[in-house]
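# Overview (structure and organization)
Residues per chain are reported as follows:
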Amino acid sequence: MAIKEKETGFGKWKIIVIIIAVIVAIGAVGFGIVMKDSNGISISEDVTIEIREGSGASAVAGMLHEKGIIKYPTIFKFQSRLGGYDNQFQPGAITIHNGMSYNDILEALTVSDRDTVTVVIPEGYEISQIKDALAAAGLPCAADFEAALDPSLYDYRFLHDIPDRDVKLEGYLFPATYKIPSTYTAQQVVNLMLKSFDEKFTDEYYNRAAEMGKTVDEIITMASVVERETNTEGERAKVAGVFYNRINSGMKLQSCATVQYVLGEHKPVLSIADTKIDSPYNTYVYPGLPAGPICNPGEDCIKAALYPEDTDAYYFCLSKSGEHIFSTTYEDHVKAMESNDLITNVDSSAIENEDSKR
């Protein structure tokens, strides 16, 4: 009986040893698989990613994993910390090639001198101006820029319901400072700007637009008009409030900025003939908003369109000091124009819209 117990005890230990050996073997295989990816990634083609200012190891590892570049973000973060790469990542684009190790990628991420071109896209630029800026920066993609403006090439929520018009992406190429790789195609550049818009236009903005009974395109169109009408930070929400008042009361918007967009030039004084041009963008001729955005607005003007100031003003004109004078009645508006020598140059005024029409 004692011998059987001894044999049984030996059998149990044998099973335990086997189990441990299997675990070690599986661990070794798993470690080998992990190290294989860590020592040399496997991707079918080069991938270019954009590293934003202040990006940390977690954000970068998540991006690389999401794009299918690395398989083990935790290992990537561990190697980043172990190698002293944390908080050393440089903003800008980096192109990742097949076979690069995690350390190779980390090393490339910390190099500041990359083959990129810095392009500044100011708030209020039209797409034609963006194209010129890319060409002036020496980027070859500028030649194919117009072909890359087809919304069907991109999959973003805000592009799904854009009305049919000549330039559908006007308003959605977000103004910012971009570090663009010289090897980028026009489509990659456009996508970079659309992605910036997507990041700025949050769920809060979508919900607010729905609350107002507006589409995203209507909000961006209003924001673009506000962008071109005033450069003063404290006036944007009030200008938006004036324009909403005019639309809601059935008055024409009569924004000079919309006529300037049709003309393709920013004339300081519009002629009567200019205001009568037959275009869906001409708010002197057609009621409501123009057919689409007239420029690419910044976030401040988007916020103004979403959160307009509650005002009783229906008119405004530019004063000699550079600020706008807001008026509730047409009579006061005319006086404001006369006092500022603007009776022949009325920005966003309502010469034909008498108070009696409200």
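Whatever comes next refers back to the structure up there.
We now turn to the structure provided with this report. (Residues numbered from 1 in each chain as written. Predicted model: local features only at pLDDT ≥ 70, side-chain atom pairs only at ≥ 80, totals over all residues. Heavy atoms only, no water.)

## A short note on the pairing of strand β3 (residues 116-120)
The side-chain alternation of β3 yields one buried face, formed by V117 and V119, and one unburied face, formed by T116, T118 and V120. Of the pairings in the sheet, the one linking β3 to strand β4 (residues 177-181) comprises 5 bridges and is antiparallel in character. Counted as the bridge partner of V117 is I180 from β4. (Buried < 20%, exposed > 50% of the residue type's maximum accessible area, 1.4 Å probe, protein only. Helix = DSSP H or I, 4+ residues; strand = E, 2+ residues; numbered from the N terminus. Pairing = 2+ DSSP bridges.)

## Side note on helix α2 (residues 57-66)
Listing the buried residues of α2 in full gives A57, V60, A61, M63 and L64. Along α2, the residues classed as buried sweep out an arc of 160° about the axis, all on the same side. Facing away from the buried side of α2 by over 90 degrees, the exposed positions are S58 and E66. On its buried side, α2 packs onto β1 (47-51), α3 (73-82), β2 (92-96) and α4 (102-109). (Arc of directions from axis to C-beta. Contact = heavy atoms within 4.5 Å.)

## Let's talk about unusual backbone geometry
A negative phi angle is the norm for most residues apart from glycine, just as the trans form is the norm for most peptide bonds. Phi at N87 is positive, roughly 65°, even though this residue is not glycine. Mapped onto the elements of the fold, N87 is located in the loop between α3 and β2. Even without being glycine, Q254 reaches a positive phi, approximately 50°. Among the structural elements, Q254 can be located in the loop between α9 (236-248) and α10 (256-263). Classification of Q254 by relative accessible area gives buried; the value is 3%.

## Details of the packing of helix α8 (residues 216-229) against α9
In the contact formed by α8 and α9, the axes pass within 10 Å of each other and the chain directions differ by 120°. Regarding the angle of α8 to α9, the classification is oblique. Helix-helix and strand crossings are classified by hand; for α8 and α9 the assignment is right-handed. Where α8 abuts α9, its residues I219, M222, V225, V226 and E229 lie against R236, V239, A240, F243, Y244 and I247. Its residues placed into classes, the contact of α8 with α9 shows 9 nonpolar, no polar and 2 charged. (Axes fitted to C-alpha atoms, helices over the stretch in contact; angles between N-to-C directions. Parallel < 35°, antiparallel > 145°, perpendicular 65-115°, else oblique. Left-handed = near helix turned anticlockwise from the far one by under 90°. Nonpolar A, V, L, I, M, F, W, Y, C, P; charged D, E, K, R; others polar.)

## Things to note about helix α6 (residues 186-200)
Counted at 1.5 Å a residue, the expected span for α6 with its 15 residues is 21 Å, and the 22 Å between its end C-alpha atoms agrees. Residues of α6 that are buried include every one of A186, V189, V190, L192, M193, L194, S196 and F197, and no others. Those residues of α6 that are buried lie in contact with β1, α5 (127-136), β4, α8 and α12 (299-306). (Expected span 1.5 Å × (residues − 1).)

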